[in-house]
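# Structural description and commentary
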Amino acid sequence: MFEFIVCALAGIGAGVATGFAGLSAAVYISPILVTFLGIPSYEAIGIALASDVLASGASSLTYYRHGNINIRKCIPLLVSIISCTIIGSIVGYFVSSTAIGDTAMTYWTVLISLGLGLKFLLMPNDNGREIGATEKARTVMSVLFGMYTGFLCGFQGTGGGMMMLFILTVVMGYALKTAVGTSVFIMTFTALIGAVSHFAINGMPDLSRLVTCVVFTLIAAQISASLANKIRVSSCNLIIGVLLAVSGVIMLLINLRDTGFVGIDTPMLIGIGLGAVAVIVLILCYEIRRLKKTDGKE
């Protein structure tokens, strides 16, 4: 029962992050399975990537119905990410779990998470704005970042969603909801390739864990994506900013604790996470109430 609860909660957290912010499910599922169930990192990453496939695919359909996907401009990005995801999966198998780290995260991922979170909180993204560079320069930058993102996604199973959100909003100038919708669309393919590569190399994981994570991630992602496309962009900025910033803080504290720089226990980390959940729930309650009033007037 404990294992089921852990997998279900990991899936719900991952689904909310995927549906609202286009984040990889591995940001939540991998460290939770490793920490609380003692699952090897490579197996946990495979489960997380498999959970990403249906959740991202279903979420991308929801964003598409609301006109919040733009694939034409990011085909080079898509190709570079997919090709390097395969390479990352193969390299990840031959590197020891100690080198990967049980948290399956890097300080670069932490930096991106914190930076993007603060950006959406302090400088909200409404209609999108491209950086001051030529179209060719933006394409080259997107391909380079895409190669790194694909390798990271295959190698660690994490960071793909955050990096894509960074590329699409900062480099390519996508509006927030379009960036999230396009990100989950691309992540459907990267997660599928990463999961297949992991299972082909390492074998199938425990089916009960896999099914539980996949089902709960899918349900949470569908609900979150549906809400994200209905609420105001300003509230989306707040929710995504909180998700990214708090995730970055928690990842940073976990990394510092594992290296012995700070002494922080798991309940405190859970408390920080629950605080973020409370803020997001309050924002959603306000938005749902506003939507009901708007529907009532109509």
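Residues numbered from 1 in each chain as written. Predicted model: local features only at pLDDT ≥ 70, side-chain atom pairs only at ≥ 80, totals over all residues. Heavy atoms only, no water.

Moving on to the packing of helix α3 (residues 41-65) against helix α10 (residues 207-228). For the pair α3 and α10, interaxial distance at closest approach is 8 Å and the crossing angle is 30°. Between α3 and α10, the angle is such that the two are roughly parallel. For α3 against α10, the interelement crossing comes out right-handed. On α10, the residues that touch Glu-43, Ile-47, Ala-50, Ser-51, Leu-54, Ala-55, Ala-58, Ser-59, Thr-62 and Tyr-63 of α3 are Arg-209, Leu-210, Cys-213, Val-214, Thr-217, Leu-218, Ala-221, Gln-222, Ala-225, Ser-226 and Ala-228. The class makeup of the residues in the contact of α3 with α10 is 13 nonpolar, six polar and two charged. (Axes fitted to C-alpha atoms, helices over the stretch in contact; angles between N-to-C directions. Helix = DSSP H or I, 4+ residues; strand = E, 2+ residues; numbered from the N terminus. Parallel < 35°, antiparallel > 145°, perpendicular 65-115°, else oblique. Left-handed = near helix turned anticlockwise from the far one by under 90°. Contact = heavy atoms within 4.5 Å. Nonpolar A, V, L, I, M, F, W, Y, C, P; charged D, E, K, R; others polar.)

A surface patch of nonpolar side chains, amounting to about 550 Å² of accessible area, comprises Phe-2, Phe-36, Ile-270, Leu-274, Val-277 and Val-281. Of the residues forming the nonpolar patch, the biggest block, four residues, is contributed by helix α12 (residues 266-297). (Patch = residues over 30% accessible without salt bridge, like charges linked within 9 Å, V, L, I, M, F, W, Y side chains within 5 Å. Areas by Shrake-Rupley, 256 points an atom, 1.4 Å probe, with all protein chains shown as cover. Salt bridge = Lys/Arg side-chain N within 4 Å of Asp/Glu carboxyl O.)

Scanning the entire structure with this criterion turns up three aromatic pairs. Ring centres 5.2 Å apart and planes at 75° place the aromatic pair Phe-185 and Phe-189 in the edge-to-face group. One end of the pair is Phe-185 and the other is Phe-189, both in helix α9 (residues 176-202) and four residues apart, which spans about a single turn. Its relative accessible area of 24% is what places Phe-185 among the partly exposed residues. When its relative accessible area of 33% is taken as the criterion, Phe-189 is described as partly exposed. (Phe/Tyr/Trp six-rings, centres within 6.5 Å; stacked < 30°, edge-to-face > 60°. Buried < 20%, exposed > 50% of the residue type's maximum accessible area, 1.4 Å probe, protein only.)

Our focus in this paragraph is the confidence of the model for the chain. Residues at a pLDDT of 70 or more form 88% of the chain, whose mean pLDDT is 79. Confidence over residues 96-105 falls short of pLDDT 50; this stretch has 22 contacts with residues more than four positions distant or in other chains. (pLDDT = per-residue confidence, 0-100.)

Along the chain, the position of Gly-115 falls in helix α6 (residues 107-122). Residues Gly-115 and Phe-166, spaced 51 residues apart in sequence, show a C-alpha to C-alpha distance of 9.4 Å.

For the rest of this paragraph, the subject is the side chain of Thr-62. In this fold, Thr-62 is placed in helix α3. Under the relative-accessibility criterion, Thr-62 is labelled buried at 6%. Excluding residues within four positions of it along the chain, Thr-62 makes contact with Gln-222, Ala-225, Ser-226 and Asn-229.

Moving on, we come to the packing of helix α1 (residues 2-21) against helix α11 (residues 233-258). Where α1 contacts α11, the axes come no closer than 10 Å and their chain directions differ by 135°. By the angle between their axes, α1 is oblique relative to α11. When the axes of α1 and α11 are compared, the crossing they make is left-handed. Contact residues: α1 offers Val-16, Ala-17, Phe-20 and Ala-21, while α11 offers Ile-239, Ile-240 and Leu-243. Tallied by class, residues from the contact of α1 with α11 come to seven nonpolar, no polar and no charged.

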